[in-house]
Amino acid sequence: AASVGGAGGAVSKPADEVKGCGGNVGGGGGIDFVATSDSQLVNGLIAVLRILYAGKSPADILAVDAGQAFRELGLDDHLSPTRRNGLASMVTRVRGFAEDVLARQGQ
């Protein structure tokens, strides 16, 4: 299982087990997250997500078409259904976090 925590360091707690991702909002309004897995492949997918969402505001994260980015990288052709589902869960969790931040900001 993968776990995620805030930008200040990896924190593993049951609410963060993937099933998804979590993160923190930085001073500049961008969201950052730290994630780890016991699987090297999943750690690679986490790295792709970090690059995809790096420094983006919550609104910008919601505007990202992650599925298109993954298709452009050929991930659909090279990941098992289980890995694709896990990746989709992480994207859903990051997007949910961005939505929560926007809701708290009244946007």
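Thresholds, definitions, all that
Residues numbered from 1 in each chain as written. Predicted model: local features only at pLDDT ≥ 70, side-chain atom pairs only at ≥ 80, totals over all residues. Heavy atoms only, no water. Helix = DSSP H or I, 4+ residues; strand = E, 2+ residues; numbered from the N terminus. Buried < 20%, exposed > 50% of the residue type's maximum accessible area, 1.4 Å probe, protein only. Contact = heavy atoms within 4.5 Å. Areas by Shrake-Rupley, 256 points an atom, 1.4 Å probe, with all protein chains shown as cover. Arc of directions from axis to C-beta.

Enquirer: So what exactly am I meant to see when it comes to the overall build of the protein here?
Expert: Helix and strand content of the protein: five helices and four strands. Element order for the protein, N to C, with α for helix and β for strand: β-β-β-β-α-α-α-α-α. The proportion of buried residues among the 107 residues of the protein is 37%. Of the contacts made within the protein by residues no fewer than 6 positions apart, 58% connect residues no fewer than 24 positions apart. Roughly 5900 Å² of accessible area belongs to the protein as shown, and the carbon and sulfur atoms make up 52% of that amount.

Enquirer: Can you walk me through helix α3 (residues 66-73) in this structure?
Expert: Working note: α-helix, 3.6 residues per turn, so residues spaced by three or four point in the same direction. Of all the residues in α3, the buried ones are Ala-66, Ala-69 and Phe-70. On an axial view of α3, the arc spanned by its buried residues comes to 95 degrees, and they lie on one face. Looking at the buried residues of α3, the elements they touch are α1 (40-53), α4 (75-78) and α5 (81-104).

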